[in-house]
Amino acid sequence: VDFEKQRAALLKSTKVKSVVDGIIKRADAALEIKYEVLPMSLYDEQHMPGGNRRHFEYPWFDRRNNCQYIAIALWLTRDEKYVWPLIDHMMMIMDEFTWCSPAHLHMGSGPQNLDDMITHLDLFHCMTGRALTDVMLLVGEYMPSYVKARLEYEIRRRMIKPMMEDKEFYFMTAKLNWAVVCSAGICTSLLYYGTKEEIDYIIPKLCQYADNYLDGIQDDGCCLE
């Protein structure tokens with residue numbers, strides 16, 4: 001993909017001007033946000049009586065969305081006012097204990113091994129890895145070497161390593177959207193950070209998971225979820 005050609009086309013297009021302007025507006029708004037640490041008690045709240053997963057997930061998703069808005073605004077405008085806020089967002093996400101949603105990681109009854117908690121691959125874990133990899137692909141030239149090294153470290157330990165170790169996750173046998181959403185996230189990060197050996201080992205598995213998804217499509221053209 002010729003990213004520069006695509007960028008120029010977007011900036012010239014009247015059809016997508018409102019979309020481009022909207023992204024930049026959201027990015028500028030994100031620059032003003034002062035984030036607080038999301039406490040572990042909030043993460044595990046949904047497993048308590050009367051708990052609600054959204055109290056954690058809504059601000060958690062906001063951080064990811066804002067990270068992507070800022071990255072795209074930086075790519076479109078080349079305005080370096082976005083560089084440090086983008087670095088802060090990426091480091092904040094990489095500092096998280098796990099990228100897995102609290103709905104999919106039951107702290108009391110789920111994985112008890114620390115490594116399994118950190119590497120538990122669910123929809124949001126895989127989408128996070130894909131989003132951060134996309135940011136690096138798009139505007140990695142603006143990132144300091146330590147941010148690049150940190151992301152490679154996190155992708156390798158959180159996504160590539162568990163796949164190479166043949167750990168089992170729900171999406172691997174699911175005949176619904178999980179199979180392809182998780183596989184797409186893993187594939188994006190794998191193709192950017194994986195070795196040839198890792199790519200050759202993991203890609204055939206991802207293709208099988210995609211086949212599982214296709215098997216789940218019913219005669220009406222839909223699958224569960």
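My aim in this report is to walk through the structure given alongside it, one point at a time.

The rules behind the values
- Residues numbered from 1 in each chain as written.
- Predicted model: local features only at pLDDT ≥ 70, side-chain atom pairs only at ≥ 80, totals over all residues.
- Heavy atoms only, no water.
- 1 Å grid on protein atoms, 1.4 Å probe; cavity = no way out; pocket = protein on both sides within 12 Å on 5 of 7 lines; lining within 4 Å.
- Points joined across faces, edges and corners; volume = space filled by probe spheres on them.
- Nonpolar A, V, L, I, M, F, W, Y, C, P; charged D, E, K, R; others polar.
- Phe/Tyr/Trp six-rings, centres within 6.5 Å; stacked < 30°, edge-to-face > 60°.
- Lys NZ or Arg CZ within 6 Å of the ring centre and 35° of its normal.
- Salt bridge = Lys/Arg side-chain N within 4 Å of Asp/Glu carboxyl O.
- Helix = DSSP H or I, 4+ residues; strand = E, 2+ residues; numbered from the N terminus.
- Buried < 20%, exposed > 50% of the residue type's maximum accessible area, 1.4 Å probe, protein only.
- Expected span 1.5 Å × (residues − 1).
- Contact = heavy atoms within 4.5 Å.

1. As for empty space enclosed by the protein
Then step 1. If you walk through the whole model with that rule in mind, you get one cavity of 30 Å³ or more.
Then step 2. Considering only enclosed or pocket space, the largest cavity measures out at about 30 Å³ in volume.
Then step 3. In terms of lining, the largest cavity is formed by Arg64, Cys67, Gln68, Ile93, Thr128, Ala131 and Leu132.
Then step 4. Of the residues that constitute the lining of the largest cavity, the class distribution is four nonpolar, two polar and one charged.

2. Quick word on the packing of aromatic side chains
Then step 1. All told, the structure shown has nine aromatic pairs when counted by the stated rule.
Then step 2. Relative to Phe171, the ring of Phe169 has its centre 6.3 Å away and its plane inclined at 10°; by these criteria the two rings are stacked.
Then step 3. Ring-pair connections join several aromatic residues into one group, and the members of that group are Tyr43, Phe56, Trp60, Phe61 and Phe124.
Then step 4. The aromatic ring of Trp60 is capped on one face by Arg64, whose charged end is 4.1 Å from the ring centroid.
Then step 5. When the ring centre of Trp99 is taken as reference, the NZ or CZ atom of Arg158 above it lies at 4.4 Å.

3. Details of the pattern of salt bridges
Then step 1. Counted by the stated rule, this structure contains 18 salt bridges.
Then step 2. One salt bridge in this structure joins Glu4 and Arg78, with 2.5 Å as the shortest N-O distance. Of this pair, Glu4 sits in helix α1 (residues 3–12) while Arg78 sits in the loop between α4 (54–77) and α5 (83–94), placing them 74 residues apart in sequence.
Then step 3. The salt bridge involving Glu154 is made with Arg157; its shortest N-O contact spans 2.7 Å. Here Glu154 and its partner Arg157 are both found in helix α8 (residues 145–164), three residues apart, which amounts to about one turn of the helix.
Then step 4. Residue class for Arg157 comes out partly exposed when judged on its relative accessible area of 24%.
Then step 5. A cluster of three or more residues bridged by salt bridges with shared partners is formed by Asp95, Arg150, Glu154, Arg157 and Arg158.

4. Some thoughts on α5
Then step 1. Its twelve residues place the ends of α5 17 Å apart at the C-alpha level, agreeing with the 16 Å of an ideal helix rising 1.5 Å per residue.
Then step 2. Burial of α5 is extensive: nine of the twelve residues sit out of reach of the surface.
Then step 3. Within α5 the residues assigned to the buried category are Val83, Pro85, Leu86, Ile87, His89, Met90, Met92, Ile93 and Met94.
Then step 4. Among the structural elements, α2 (17–30), α4, α7 (123–139) and α8 are those in contact with the buried residues of α5.

5. What about the environment of Met117?
Then step 1. Along the chain, Met117 turns up in helix α6 (residues 114–118).
Then step 2. Met117 sits in the buried class, given a relative accessible area of 10%.
Then step 3. For the pair Met117 and Arg158, spaced 41 residues apart in sequence, the C-alpha separation works out to 9.8 Å.

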